[in-house]
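Summary of structural features
What follows is each chain in one-letter form.
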Amino acid sequence: MIKIAPSILSADFSKLGEEITSITEAGADMIHIDVMDGMFVPNISFGPVVIKSIRDKSNLCFDVHLMIENPERYIDEFVKAGADLITVHAESTTHLHRTIQQIKAHGVKAAVSLNPATSVESLKYIIDELDMVLLMSVNPGFGGQKFIPSTLEKIKEVRSMNANIDIQVDGGITDKTVKGCIEAGANVFVAGSYVFSGNYKERIESLKK
Ligand SMILES: O=C(CO)[C@@H](O)[C@H](O)COP(=O)(O)O
Ligand SMILES: [Co+2]
């Protein structure tokens, strides 16, 4: 089943609560929340306080994508703020297995993300512990970038490692790029600029089609 996770990085922050309600009513399946620390990525976004303040605006899964160094320092905070699914980057922590166990101990879902240049080999000894793999199809840090085509090969490789796991693709997803990703075996799509630059319902439906 195809799921769409609009990234609120492209929402209007001056009315974030209303934006969450609008994408929920427009048919989103999850709310993708990009957390950036200005260290792991060259941009700063928002943290647990902001997530807590929007938690009551939607019953959808809060899909929290941590682009921060040593995410194990903040897992407990993000769970308390209302995260349902926490994604950490393989490149951001020395003890990836321990960090995944830490997330799961809270009873929330756990995922690992790979940057475009990171091999799927780094998933080999952890994939069976995960609820989802996130493949970055742009270099993380900003919305509105162009889809990197080598992601398609990576999707196929991850799908051959595990037939059932959710594979999420994040970056440059539009009605044009989504098709190849579905054919390669992905089933969860983050879309920021594409969804928020048009009619939300129409944009979400066009991705599902
Ligand atoms: O994690 C990130 C960027 O680092 C993403 O979730 C972006 O927010 C996606 O934006 P678009 O490429 O869809 O505009
Ligand atoms: Co993201």
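Residues numbered from 1 in each chain as written. Chains lettered and ligands numbered in written order. Predicted model: local features only at pLDDT ≥ 70, side-chain atom pairs only at ≥ 80, totals over all residues.

All right, on to the pairing of strand β2 (residues 30-36) then. For β2, the tally of buried residues reaches seven of seven residues, placing the bulk of the element in the interior. Neither face of β2 is left uncovered, since the one carrying M30, H32, D34 and M36 and the one carrying I31, I33 and V35 both have all their residues buried. Pairing of β2 with strand β3 (residues 61-67) involves seven bridges; the strand directions are parallel. Note on β3: the bridge partner recorded for D34 is H65. Handedness of the crossover joining β2 and β3 through helix α2 (residues 48-54) is recorded here as right-handed. (Buried ≥ 20, exposed ≤ 12 C-beta atoms within 10 Å, placed from the backbone. Helix = DSSP H or I, 4+ residues; strand = E, 2+ residues; numbered from the N terminus. Pairing = 2+ DSSP bridges. Right-handed = clockwise from strand over helix to strand, strands pointing away.)

Turning next to the UniProt feature "binding site: substrate" (unreviewed entry) in the protein. Using the residue numbers shown here, the UniProt feature "binding site: substrate" (unreviewed entry) corresponds to S7, H65, G141, F142, G143, G144, D170, G171, G172, G192 and S193. Secondary-structure assignment places D170 in strand β7 (residues 166-170). In this view, D170 contacts H65, L134, M136, S137 and V190; residues no more than four positions away in its chain are not counted. Its place among the elements puts G172 in the loop between β7 and α6 (178-184). G172 sits in the buried class, given 24 other C-beta atoms within 10 Å. When sequence neighbours within four positions are dropped, the list of residues in contact with G172 reads S137, V138, Q145, K146, F147 and T177. (UniProt positions renumbered as here; feature names shortened; annotations may be inferred. Contact = placed C-beta atoms within 7 Å.)

This part covers the sheet that holds β7. Read from one edge of the open sheet, eight strands run β1-β8-β7-β6-β5-β4-β3-β2, paired in parallel fashion. Two strands in the sheet have a free side with no partner beyond their single neighbour: β1 (3-6) and β2. Averaged over all neighbouring strand pairs, the angle between strand axes comes to 25°, with direction disregarded. (Axes fitted to C-alpha atoms, helices over the stretch in contact; angles between N-to-C directions.)

Counting 60 residues, the largest nonpolar core has I31, V64, I86, V169 and F189 as the members making the most contacts within it. Residue contributions to this core peak at five residues, all from β2. (Core = buried A, V, L, I, M, F, W, Y, C linked by C-beta atoms within 7 Å.)

Here we come to the pairing of β3. Where burial is concerned, most of β3 is hidden: six out of the seven residues are buried. Note: β3 against strand β4 (residues 85-89), four bridges, orientation parallel. Each residue of the ladder has a partner; that of H65, found in β4, is T87.

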